[in-house]
Amino acid sequence: MNATVKIDAARVELLLSELRLPGIKLIKAALAETADKEGWPAARFLAALAEQEMVERSRRRFERHLEEARLPPGKTLDAFDFDAVPMVSKAQVQALAAGDAWLEKGANLLCFGPPGGGKSHLAAALGMALIEKGWRVFFTRTTDLVQKLQIARRDLVLEAAIAKLDKYHLLILDDLAYVTKDQAETSVLFELISARYERRSMLITANQPFGEWGKIFPHQAMTLAAIDRLVHHATILEMNVDSYRRKEAVEKARGAGRPPTRATIRGSS
Ligand code: ADP
Ligand code: MG
């Protein structure tokens, strides 16, 4: 390499950092070598560089979105056993995982069912699939978010805190029913629901469908108004199945758990 080429290479390095072109920065040396060796026309080299920048940017965007979403790890649609919840159609869930039909109009998804039935798993798995499609998602336990919003209300910045959540196309509120009485009284949850109504989607999981929601909001009129807004454009998945954890434990005990003494006696007779 002669001196001018060396200086050019160093300048390019600096310029690419300054211009924030991480994809080009990563690939330029290897691509330039191929281009030189194979005698690529300049246009082809430029196109390849630009394409690489696109790929790298979308990879980084996906990683950013995955990190900000705070999904519980390891819960994917592939790992979800649809046979365990026969009332939930795999095709319907796959359609929801595309996002367009509901997230664009701010529709909601409500998952009801007893503990251990797979509500949180399904919610997180949908979140993951949607992030892969480019949507922005935020997963939180409902009580945690309510607590944050309560603090924001105290500091007189509730509106801004709710507006900040607008960047998420989907807000996953896990375990709505665990909101406590004192949390209900501040009605921040109601304000969140009202603010997102028909604009931004929510996925809510709860053990109880509506019956017990009286304790989540300070009075009945507000409970009804909240439910009204939530269900107006909503898909409801009722996951009334036995606890998956318990079922798994029982099956394990049945399979491998036979007492060894009995096994030995049988084997020797
Ligand atoms: P819920 O939120 O309804 O209480 P979870 O989603 O936390 O239930 O499920 C409990 C455990 O069982 C989790 O580890 C979850 O991954 C697993 N699980 C539940 N349902 C299924 C399913 N249909 N397929 C695979 N794993 C499941
Ligand atoms: Mg759960």
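Preceding block: the structure.
How each quantity is defined
- Residues numbered from 1 in each chain as written.
- Chains lettered and ligands numbered in written order.
- Predicted model: local features only at pLDDT ≥ 70, side-chain atom pairs only at ≥ 80, totals over all residues.
- Heavy atoms only, no water.
- Helix = DSSP H or I, 4+ residues; strand = E, 2+ residues; numbered from the N terminus.
- Expected span 1.5 Å × (residues − 1).
- Core = buried A, V, L, I, M, F, W, Y, C linked by side-chain atoms within 4.5 Å.
- Buried < 20%, exposed > 50% of the residue type's maximum accessible area, 1.4 Å probe, protein only.
- Contact = heavy atoms within 4.5 Å.
- Axes fitted to C-alpha atoms, helices over the stretch in contact; angles between N-to-C directions.
- Parallel < 35°, antiparallel > 145°, perpendicular 65-115°, else oblique.
- Left-handed = near helix turned anticlockwise from the far one by under 90°.
- Phe/Tyr/Trp six-rings, centres within 6.5 Å; stacked < 30°, edge-to-face > 60°.
- Pairing = 2+ DSSP bridges.
- Polar contact = N/O pair within 3.5 Å; in protein donor to acceptor, adjacent residues only side chain to side chain.
- Near = heavy atom within 4 Å.
- Areas by Shrake-Rupley, 256 points an atom, 1.4 Å probe, with all protein chains shown as cover.
- Nonpolar A, V, L, I, M, F, W, Y, C, P; charged D, E, K, R; others polar.

1. Topic: helix α1 (residues 3-18)
Moving on, step 1. Over its 16 residues, α1 extends 23 Å from the first C-alpha to the last, a length consistent with the 22 Å expected when each residue adds 1.5 Å.
Moving on, step 2. In the stretch just after α1, R20 is the one whose phi turns positive, near 55 degrees.

2. A look at the nonpolar core
Moving on, step 1. Grouped together as the largest cluster of nonpolar side chains are 30 residues, with contacts concentrated most on V88, W102, L109, L170 and L203.
Moving on, step 2. When residues no more than four places from it in sequence are discounted, the contact partners of W102 are L96, A107, N108, L109, L130, L170, S201 and M202.
Moving on, step 3. Membership of the second largest hydrophobic core comes to 29 residues, among which are L158, Y168, F217 and A226.

3. Structural notes on the packing of helix α3 (residues 42-69) against helix α6 (residues 119-132)
Moving on, step 1. At a closest axis distance of 9 Å, the pairing of α3 and α6 adopts a crossing angle of 155 degrees. Between α3 and α6, the angle is such that the two are roughly antiparallel. As for how α3 packs across α6, the hand of that crossing is right-handed. Contact residues: α3 offers F62, H65, L66 and A69, while α6 offers M128, I131 and E132.

4. Regarding the packing of aromatic side chains
Moving on, step 1. Scanning the model with the defined rule gives five aromatic pairs in all.
Moving on, step 2. The interplanar angle of 75 degrees and the centroid separation of 5.0 Å between the aromatic rings of F80 and F82 together place this pair among those described as edge-to-face.
Moving on, step 3. Here F80 falls in the buried class, since its relative accessible area comes to 10%.
Moving on, step 4. The exposure class assigned to F82 is buried, which follows from its relative accessible area of 13%.
Moving on, step 5. Ring-pair connections join several aromatic residues into one group, and the members of that group are F112, F210 and W213.

5. Thoughts on the sheet that holds strand β5 (residues 234-238)
Moving on, step 1. Spatial ordering of the open sheet is given by β2-β3-β4-β1-β5, a layout of five strands whose pairing is parallel. With partners counted over all chains shown, the strands left at the sheet margins are β2 (137-141) and β5, one partner each. Averaged over neighbouring strand pairs, the angle between their axes works out to 10 degrees when direction is ignored.
Moving on, step 2. Across five bridges, the pairing between β2 and strand β3 (residues 170-174) is parallel. The residue bridging T140 from the neighbouring strand is L173, located in β3.
Moving on, step 3. The strands touched by helix α10 (residues 188-196) within the sheet are β3 and β4 (201-206), with β3 carrying the most contacts at an inclination of about 150 degrees.

6. Let's talk about the environment of T186
Moving on, step 1. Take T186: it is sitting in the loop between α9 (181-185) and α10.
Moving on, step 2. Those residues in contact with T186, other than ones at most four positions away along the chain, are Q150 and R153.
Moving on, step 3. A distance of 2.9 Å separates a polar side-chain atom of T186 from the backbone oxygen of Q183.

7. Here's the deal with the site of ligand 1
Moving on, step 1. Within the structure, ligand 1 sits among 15 residues, and D81, G116, K119, S120 and H121 are positioned closest to it.
Moving on, step 2. Take D81: an N or O atom from its main chain is 2.7 Å from a nitrogen atom of ligand 1.
Moving on, step 3. Here H121 contributes a side-chain N or O atom positioned 2.6 Å from an oxygen atom of ligand 1.
Moving on, step 4. For ligand 1, whose unbound accessible area comes to 560 Å², protein coverage reaches 85%.
Moving on, step 5. Within the residue set of the shell around ligand 1, elements represented by two or more residues are α6 and α12 (244-256).
Moving on, step 6. Element by element, the count of residues in the shell around ligand 1 is highest for α6, at three residues.
Moving on, step 7. Considered class by class, the residues forming the shell around ligand 1 number six nonpolar, five polar and four charged.

Worth remembering: the numbers are spatial, not functional.
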